[in-house]
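A structural walkthrough
One-letter residues, chain by chain:
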Amino acid sequence: MKIVAADVIVSSPDRNFVTLKITTEDGITGLGDGTLNGRELSVASYLRDHVVPLLIGRDAHRIEDAWQFLYRSAYWRRGPVTMAAIAAVDVALWDIKAKAAGMPLYQLLGGASRTGIMAYGHASGRDLPELFDSIRAHLDQGYRSIRVQTSVPGINAVYGVAAQPSTDGKRYDYEPAQRTPLPAEEDWDTRAYLRHLPGVFEAVRNEFGPELPLLHDGHHRMTPIQAAKLGKALEPYDLFWLEDCTPAENQEALRLVRQHTTTPLAIGEVFNTVWDYQTLIREQLIDYVRSAVTHTGGITAMRKLLDFAAQYQIKSGIHGPTDISPVGMAAALHLDLAIHNFGIQEYMRHGSLTNEVFRQSFSFTDGYLHPGEQPGIGVELDEEAAARFPYQPAYLPFNRLQDGTVHDW
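Here's a quick rundown of the structure. (Residues numbered from 1 in each chain as written. Predicted model: local features only at pLDDT ≥ 70, side-chain atom pairs only at ≥ 80, totals over all residues. Heavy atoms only, no water.)

One finds Ile-22 and Leu-47 to be the most contacted residues of the largest nonpolar core, which totals 126 residues. The element best represented in this core is helix H3 (residues 80-101), accounting for twelve residues. (Core = buried A, V, L, I, M, F, W, Y, C linked by side-chain atoms within 4.5 Å. Buried < 20%, exposed > 50% of the residue type's maximum accessible area, 1.4 Å probe, protein only. Helix = DSSP H or I, 4+ residues; strand = E, 2+ residues; numbered from the N terminus.)

Here you go:
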């Protein structure tokens, strides 16, 4: 089944997305997500200028061979741009293979290991009353697990706290990439954050009880000893996980964190290959793998990564905010449904304009996601709708400390 065309579509309904559409000689099409938040055009160029010419004439059924060819033939391996481009090809080929087989992708991955996929939502607030309202709103929407992010006194803008409506007028928790010519500057104070956060979780537990799974994202902002201190301080509040407590490029740093706290740890949304996890998984320094299918080489690579993690009783927690397109989200859900060591799935609802461009078959009911029974991954692209929303420059913010030093965002 030869590939006869591969098109890169960049659109910006509620935000920028990069979509790869592969077409075979018998008219079957497959979609892949190549979105890299704030650097979308770099992946689009990599695909259009370097990858697409290599796809024409190849057998669409040879997914593993295509993956290895794109990874090894480039010589300079890994990196978010390369791996997002490979992921787009990989998911599109799996979409084609499942459509050719006439079944949803999860069936080709071994069938369902569960009836539904537990998801968590993103609640936030600038103070406790607003935070409580956000948690209640997410519970009303059906979420059974909640990520809690909060403003910190003395800090003007904090990651994960919804501060303004999105372009369609709805509150998002959150889409931080702002459509501006330059990235926005934010401030940060780790000591203020460490003083404030335990009291927030104490208040949330007192208000919502011990049963509700609560998550929190530290967003790489702490040193290892600061992360250990926070993990220990949060132990009384029984978190489902503490995410990205310290920049994990230094994998050995997690040894120190692990020595001091039993709070479960989730890491990896900025990782893009299994090599980023080798020490973390082998030494059981984390509890959840946070990579995205879109940024980690697609379904082929993520399945291998999660099988490696399963040997050490480490579970999945696949990255799934709104900078993952519905194509990438659907791919994650098929993998979630099939693997044994599923943990939880991040789920942020896309805006109405995005849903107009990407027609989706996955569902969210009573706190659980399901990819649906449509052949393939279950997403179709409305190219006419996509064309109405051209690319707009957008950047993620960055941080400075009080003395002006650029800090981790």
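Assignment of secondary structure puts Gln-149 in strand S5 (residues 145-150). When its relative accessible area of 2% is taken as the criterion, Gln-149 is described as buried. Looking at Gln-149, its side chain comes within polar contact range of the side chain of His-216, at 3.3 Å. Residue contacts for Gln-149: discarding those within four places in its chain leaves Ala-123, Ser-124, Gly-125, Leu-131, Tyr-159, Gly-160, Val-161, His-216 and Asp-217. (Polar contact = N/O pair within 3.5 Å; in protein donor to acceptor, adjacent residues only side chain to side chain. Contact = heavy atoms within 4.5 Å.)

Here the focus is the sheet that holds strand S3 (residues 29-33). Each strand in a sheet pairs with its neighbour through backbone hydrogen bonds, running either in the same direction (parallel) or in the opposite one (antiparallel). The strand order across the open sheet formed by three strands is S1-S2-S3, and the pairing between neighbours is antiparallel. Edge positions in the sheet fall to strand S1 (3-11) and S3, since each of these pairs with one other strand and no more. Direction aside, neighbouring strands of the sheet carry axes that sit 20° apart on average. The pairing of S1 with strand S2 (residues 17-24) spans eight bridges and is antiparallel. Following the sheet pairing, Ala-5 is matched in S2 by Thr-23. Lying over the sheet, helix H1 (residues 40-55) contacts S1 and S2, oriented at roughly 170° with respect to S1. (Pairing = 2+ DSSP bridges. Axes fitted to C-alpha atoms, helices over the stretch in contact; angles between N-to-C directions.)

Read across the sheet, three strands follow the order S6-S17-S18 without closing on themselves; strand pairing throughout is mixed. Each edge of the open sheet is held by one strand with a lone partner, namely strand S6 (185-187) and strand S18 (406-407). The pairing of strand S17 (residues 398-400) with S18 spans two bridges and is antiparallel. Along S18, the bridge assignment pairs Asn-399 with His-407.

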